[in-house]
Amino acid sequence: MVEGQTTSTGSSVIPIVAIVGRPNVGKSTLFNRLCRDRRAIVDDTPGITRDRLIAQVTWGDRSFCLVDTGGIEEEAGQAPLKVQVRQQAQMAVEEADLVIFLADGKEGLHSGDAMVVDLLRRSGKPVLYGVNKIDGPEQESASYEFYGLGMEKFFPISAAHGYGIRDMMDAMVEMLPPEITQEDETKGIRVAIIGRPNVGKSSLLNRILGSERVLVSDLPGTTRDAIDVSVTLNNQAYLLIDTPGIRRRSKTREKIEKFSVLKALKSIDRCQVAVLLLDASEGITAQDVRIAGYIHDRGRGAVVVINKWDLVQQDPKRVAEITESVDDALKFMPYAPQLRISALTGKRVSTLLPMLNNVFSQYCTRVQTSTVNEVLAAAVSRHEPPMHGRRRTKILYGVQVTSQPPTFVLFVSYPEAIHFSYQRYLTNQIRKAFSLDLTPVRLIFRGRENGKGKKRRRRA
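Not measured: the values here are computed from a predicted model.

## Some points on the sheet that holds strand β7 (residues 155–156)
Piece 1. Within the open sheet, the six strands sit side by side as β3-β4-β2-β5-β6-β7. Their pairing is mixed. At either end of the open sheet lies a strand with only one pairing partner, and these are β3 (54–59) and β7.
Piece 2. Both strand β5 (residues 98–104) and strand β6 (residues 127–132) contribute to a ladder of six bridges, which runs parallel. Pairing of L102 across the sheet is with G130, part of β6.
Piece 3. Sheet strands in contact with helix α4 (residues 165–175) are β2 (16–21), β3, β4 (62–68), β5, β6 and β7, and its direction is about 170° off that of β6.

Right, here's the structure in full:
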C-alpha cells in the first residue's frame, strides 16, 4: 500500500486525539511540536487559513486529528470563563478516541493533576500519560512522584526540545483504535451539510426533503449534534448529514466553545461529498475558508452553495463582489462547483442533487494504468520535468492507487525536483484527460530504489 493512502474506495474515519492537563503544563508546545516534527505531516496547501487548535497529523502510518485544549483548573466555579474552558475540555474528551494527559515535571505533582486524572478515569477513554519539561534522562527521576496518581506508566518528555517524544508517540499510535473505512455504511451518497451557525443548513435539508424534519431557528447553534437522514430521491439514495455550526474564533473567546467543531469534523470524515453552505448576506468569511480547508485536507468532494441569494440578487455590485471574493478565497479548491440558492424560497435548490451526483461520479473515477501512462507520456512530451542538477528528472510510470478521491502514484527519478508548478501542470493534464474537473485529485511522487535500498518520496 502506498504511504499515507488507503486501498479502499470508502472514506476513512480519522481518530481524534485530545491533549489535556492543567494550565501552563506545555499542551500547546506539544501540539506545535507534533505538527512540525519531521515525522508529523501537516498539509500546508497555500491559501488555506489554518486553525492552530486542531490539526490533522500523521505519525508513522497512522493519521489522527490532534486537538489542543484549554487548561483545566480547580475551583473553576468562581470564574465563568474558567467554567467554560473546563466544559469545553470535557467536550473534547468526550469526542476524543484517545487522550494525552500532560503534567509539569518541573513544578511537580499538583492537586490539580489528580483532579484531571480523576476526570479522565470517569470518561472511560484510553489515556496516555506524559510528564513534560523533562529535558534528559538525568531529570527523569522528577517524574517518579507522578506514579502516586496510580498510573502504571508515565512518559517523561520535553515538548520544547523533543526528548522522549518518539517513544511516547509510538506508544500512542499503538493505542489508537483500528482504522475504520466506511465503505458500506449506506448504499447511497454520503453528503454532509457544513457551515457556520445560522447560514441555513437545517433549512436547506428540510427543503431537499420537502418536510420539516429538522428543527429550524434564527438562534445560532440550534443543531447540537450531527443528524442523519436516509432518503431516496429521483432513484438515487442519499445519507444526508446536518451538522452543528462551526463558530469563528472571534465568537468563541479564543479556545472557548472551539470544540463544537469536532462533531462537524467527524461528519466531514464520514461523508463523500460536503456541501459548504455560505451566507450571501454576509459574504465569505475567514471561518468559511477555514471550513473549506478542513474539507480540502480530507480529500472530500465539495459543492459550494451560497444561500440567501434572494437577498442580494437585485444588487449587481454586491453580486459581483461576492462572486469575486468567493473565487479568490477558495482558489485552492477550484474543482468545487458553486451554486446560488435560496433555501427559504426553494429557488434553484432542485439543481443541488444533480450537481452532487456529478461530483460523486467523478469522485469515484477509476482509470486503467495503461491509459494513465499514455496521458503522462503526452504531458511530458509537451512540457518536460525540471532538471535535478545536470540531469533531467524522469517520470518512469504512474498508477491510480485509489478513488474517493482519485489518487495517483507517479514513480520518478528525483521526486525532490518536482516543483509545485509542475505538480499542478500534471494534475491539470490528468483532470483534462479524464474529465475530473469536479473532484479533488491527488498526486503522490515516489522515487525508485536507490543504492541504499531506500525510496525517495514527495507528496503533492
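## Describing the environment of L204
Piece 1. Along the polypeptide, L204 turns up in helix α5 (residues 201–209).
Piece 2. Discounting residues that sit within four places of it in the chain, L204 has contacts with I193, V275, L277, I341, A343, V349 and L352.

## Remarks on helix α7 (residues 286–297)
Piece 1. Relative to the 16 Å expected for 12 residues at 1.5 Å per residue, α7 spans 16 Å between its end C-alpha atoms, a close match to the ideal helical length.
Piece 2. Buried residues dominate α7, accounting for 11 of its 12 residues.
Piece 3. Positive backbone phi, approximately 65°, marks G299, located one or two places after α7.

## Focus: unusual backbone geometry
Leaving glycine out, the prevailing phi sign among residues is negative, and the prevailing peptide bond configuration is trans.
Piece 1. Omega for the bond connecting Q404 with P405 falls within 30 degrees of zero, at 0°, which places this linkage in the cis form.
Piece 2. Although it is not a glycine, K133 sits at a positive phi angle of roughly 70°.
Piece 3. By secondary structure assignment, the location of K133 is in the loop between β6 and β7.
Piece 4. Even without a glycine there, the phi angle at Q404 is positive, about 55°.

## Some thoughts on the nonpolar core
Piece 1. The biggest cluster of nonpolar side chains holds 84 residues, and the ones touching the most others in it are L30, F64, F101, L120, M172 and L330.
Piece 2. Here this core gets six residues from one element, more than from any other, and that element is β5.
Piece 3. Residues in contact with L330, not counting those within four places in the same chain, are L276, I284, V289, A292 and V304.

## A few points about the packing of helix α10 (residues 369–382) against helix α11 (residues 420–434)
For any two helices packed against each other, the geometry is given by the interaxial angle and the distance between the axes.
Piece 1. One can describe the packing of α10 onto α11 by two numbers: an axis separation of 10 Å at closest approach and a directional angle of 130°. Classified by the interaxial angle, the pair formed by α10 and α11 is oblique. Classified by chirality, the crossing of α11 by α10 is right-handed. Facing α10, whose interface residues are T371, V372, V375, A379, V380 and R382, α11 presents Y422, Y425, L426, Q429, A433 and F434.
Piece 2. For the contact of α10 with α11, a count of residues per class yields nine nonpolar, two polar and one charged.

Criteria and cut-off values
- Residues numbered from 1 in each chain as written.
- Predicted model: local features only at pLDDT ≥ 70, side-chain atom pairs only at ≥ 80, totals over all residues.
- Heavy atoms only, no water.
- Pairing = 2+ DSSP bridges.
- Helix = DSSP H or I, 4+ residues; strand = E, 2+ residues; numbered from the N terminus.
- Contact = heavy atoms within 4.5 Å.
- Axes fitted to C-alpha atoms, helices over the stretch in contact; angles between N-to-C directions.
- Expected span 1.5 Å × (residues − 1).
- Buried < 20%, exposed > 50% of the residue type's maximum accessible area, 1.4 Å probe, protein only.
- Core = buried A, V, L, I, M, F, W, Y, C linked by side-chain atoms within 4.5 Å.
- Parallel < 35°, antiparallel > 145°, perpendicular 65-115°, else oblique.
- Left-handed = near helix turned anticlockwise from the far one by under 90°.
- Nonpolar A, V, L, I, M, F, W, Y, C, P; charged D, E, K, R; others polar.

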